[in-house]
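Single-letter residue listing:
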Amino acid sequence: MPKTFFITTAIDYTNSPPHIGHAYEKVLADVIARYHRLKGDSVFFLTGVDQHGQKVQQSAAKAGVPPAEFVKEITQKFVDLWKILDVKYDEWAETTSERHKKVVQGILQRLFDAGQIYKDKQAGYYSVRQEQFLTDKERGPDGEFGSEWGQVEFREEENYYFRLSQHKDWLLSYLDNRKDAVIPNFRQTELRNAVEKLSGDLCISRPKSRLDWGIELPFDKDFVNYVWFDALTNYISFAGYDPKADNYEKQPQEFRDRWSKDTLQIIGKDILVPAHGIYWLIMLHAIGFPNDAMPQLLVHGWWNLGGAKMSKSAGNVIDPFVLADKYGAEALRFYLVSDIATGKDADFSEERVIERYNADLANSLGNLLNRTLSMVSKYVSGRLRTTAISLNDESKQIPAGEPISLPTRSGEPMSLPNAKELGLRELIENSPRIYVRAMESSLISLALVIPGEISEHCNRLVQNTAPWQLAEDPMQNELLSAVMYHLAEALRIIAVLISPVLPKAAHGIFDQLNWKMDLSGNDKRFSLADAEWGKLPDGHVVGKAVPLFPRIES
RNA sequence: GCCAGGGUAGCUCAGUGGUAGAGCAGGGGACUCAUAAGCCCUUGGUCGGGAGUUCGAAUCUCCCCCCUGGCACCA
């Protein structure tokens, strides 16, 4: 049994600086990782960069610097962004590192020795200028290669191939026997269909004459590894994998504690087929990983711009540094995981960033915190009193309603109580259970509905009990205290629930509530066990009100 | 071309057989603890088009149109 929750993201290609899509994937992973830490799990979160390959070599040449230097600069931008966005990983993967190189070469040698890798010769049309072989796709309408390719010549080239097709039947049976190998569901269907059509093996090398920015094949000094065994292997090489141990069972305890069928690999929809869904799973199988040590693939969608795909060539790339600077890391994190359904695409809009921030964070939650502390200070001298009064159906004279069914867009349906028909206490006491279900399915936007509902409910409670009137009547003292206590407890629990997405804001709420001050600023402060009613003690004195999410005025 | 996903209110999206929904935006009202926030009420849709099945279709079937992704096609 794994003792650690292991989560990975795709490693980013250091050919160009990060854009909003990179930021989304890492924030999503970070939120899931933080959720597991919140539950008390030990977590190993791995992310990093892919530094080898032809495009890097070309970009470096164009910039007039050695590839190693070029890669270092771009890598730093990714590291900087994760720091700004509070993406807290446990290990950082760089494919040019010695440690990684040893694993890649060790695996290649083992597969070569086992006859899984062979040399073959192929021929085709080659563009000298672009340094690449051309396919029919590159041919113009007249069947000729355009002038942009420069001189095109017929060439023969030897390369090494991995016996991919030998494992096709295994992959099909694996997918048929594990319904959640890939989530969302329809992506697994897509993968299954692609595997059916799989034929041929995988070219895994480039002659050094063409590409030398890569890991040398251990069994042939004239070639470097090409892409797959370099990029994909990072997931295990930075988790303690020993390339000399020829199967999973012989791996070091440290590695086996981390890597299991519960390992969650977050990738974009563009790299499921064939890279992760086919190449990676087959590679793992080929190096001795059993079916019950196959990772789960979580495939996310993309942020589009006005329905268009974001791309450098279209000139519509959104710079996450600019956004974080303008609106703050928390606002950006919140937007990226709340305004998209995990697995689906969404439209990115800066107006929406502001809209969601103002509506959900500033107006609803931030203002609730502010008005609550202000009232506690004014009406009960900043001191909370526990109470026997349970405010459960004050806002509407409606009994607790039937739970309504919420769609999960990418998985099984789940039910969420109709918050307007639940009392505040009832809502809060049911919250962790519902929240956990949404989070376990990686449906972050759905999970965030819960603290949102609590917040709205509290705002209604204030309106309907009018503490400013209660404060004028000594006979209403107990009810007044009860309202104040309910609001403070609700805020404390909201802070716990939002902490994976908004760690800084959660700290802010705790600080203002004057709760767990000895752990102020330390993420150990957050525990799902605290999302339980009644932890604020009788006589607790709250802190000073400071606007938590200042409105963004446009 | 093949395989998927999508086309529902101004915007972003829920809703898979039983009288069209939410959030935001827009309009009106009462309140004042608060970040001119919050609360209550409200305008707004021939559910991409067409045909069919059914007592009844956004939902099931067929055809078509448009958008998106993957593959076919990067040795």
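The structure under discussion appears in the preceding block.
What counts as what
- Residues numbered from 1 in each chain as written.
- Chains lettered and ligands numbered in written order.
- Predicted model: local features only at pLDDT ≥ 70, side-chain atom pairs only at ≥ 80, totals over all residues.
- Heavy atoms only, no water.
- Helix = DSSP H or I, 4+ residues; strand = E, 2+ residues; numbered from the N terminus.
- Buried < 20%, exposed > 50% of the residue type's maximum accessible area, 1.4 Å probe, protein only.
- Contact = heavy atoms within 4.5 Å.
- Areas by Shrake-Rupley, 256 points an atom, 1.4 Å probe, with all protein chains shown as cover.
- Pairing = 2+ DSSP bridges.
- Right-handed = clockwise from strand over helix to strand, strands pointing away.
- Phe/Tyr/Trp six-rings, centres within 6.5 Å; stacked < 30°, edge-to-face > 60°.
- Axes fitted to C-alpha atoms, helices over the stretch in contact; angles between N-to-C directions.
- Parallel < 35°, antiparallel > 145°, perpendicular 65-115°, else oblique.
- Nonpolar A, V, L, I, M, F, W, Y, C, P; charged D, E, K, R; others polar.

Once that is clear, we can look at the overall build of chain A. Scanning chain A from N- to C-terminus turns up 19 helices and 18 strands. When burial is assessed residue by residue, chain A has 53% of its 554 residues classed as buried. Residue pairs at least 24 apart in sequence account for 75% of intrachain contacts in chain A once pairs closer than 6 positions are excluded. Of the accessible surface of chain A, which amounts to about 23900 Å², a share of 48% is contributed by carbon and sulfur atoms.

This next bit is on the pairing of strand β14 (residues 296-300). Counting buried positions over the five residues of β14 gives five, a clear majority of the element. Burial of β14 is two-sided: the residues Q296, L298 and H300 facing one way and the residues L297 and V299 facing the other way are all buried. In terms of strand pairing, strand β8 (residues 182-183) meets β14 through two bridges, oriented parallel. Along β14, the bridge assignment pairs V182 with L297. Pairing analysis gives five bridges linking strand β13 (residues 264-268) to β14, with the strands arranged parallel. Its bridge partner lying in β14, I267 is registered against V299. Handedness of the crossover is the feature at issue here: the chain leaves β13, passes through helix α10 (residues 272-286), returns alongside β14, and the resulting connection is right-handed.

This paragraph deals with the packing of aromatic side chains. Scanning all chains against the criterion turns up 30 aromatic pairs. Arranged with centres 5.1 Å apart and planes meeting at 70°, the rings of Y160 and F219 form a pair that is edge-to-face. Of this pair, Y160 sits in strand β7 (residues 152-162) while F219 is found in the loop between β11 (216-217) and β12 (220-225), placing the two residues 59 residues apart along the sequence. Y160 sits in the buried class, given a relative accessible area of 5%. For the ring pair W170 and Y174, a centre distance of 5.6 Å and an interplane angle of 10° mean the geometry is stacked. Note that W170 and Y174 are positioned in helix α5 (residues 168-177) at a spacing of four residues, about one turn of the helix.

Our focus in this paragraph is unusual backbone geometry. With an omega of 0°, the peptide bond running from I183 to P184 counts as cis. Of note, the amide linkage connecting V273 to P274 takes the cis form, showing an omega dihedral of 0°. Note on placement: P274 falls in helix α10. For D86, which is not a glycine, the phi torsion comes out positive at approximately 65°. Looking at the element boundaries, D86 is found in the loop between α3 (67-84) and β4 (91-94).

The next point concerns the packing of α5 against α10. Helix-helix packing is described using two parameters, namely the angle between the two axes and the distance between the axes. Close contact between α5 and α10 brings their axes to 10 Å; oriented N to C, the two are set at 100°. Comparing the axis directions of α5 and α10 gives the class roughly perpendicular. Residue-level inspection shows W170, L171 and Y174 of α5 in contact with α10, the latter providing G277, I278, L281, I282 and H285. Broken down by class, the residue content of the contact of α5 with α10 amounts to six nonpolar, two polar and no charged.

Here we have three strands laid out as an open sheet, ordered β10-β12-β11, and antiparallel in their pairing. This sheet does not close on itself; its edge strands, each paired only once, are β10 (205-207) and β11. As judged from the two bridges shared by β11 and β12, these two strands associate in the antiparallel manner. Bridged to L217 within β12 is D220.

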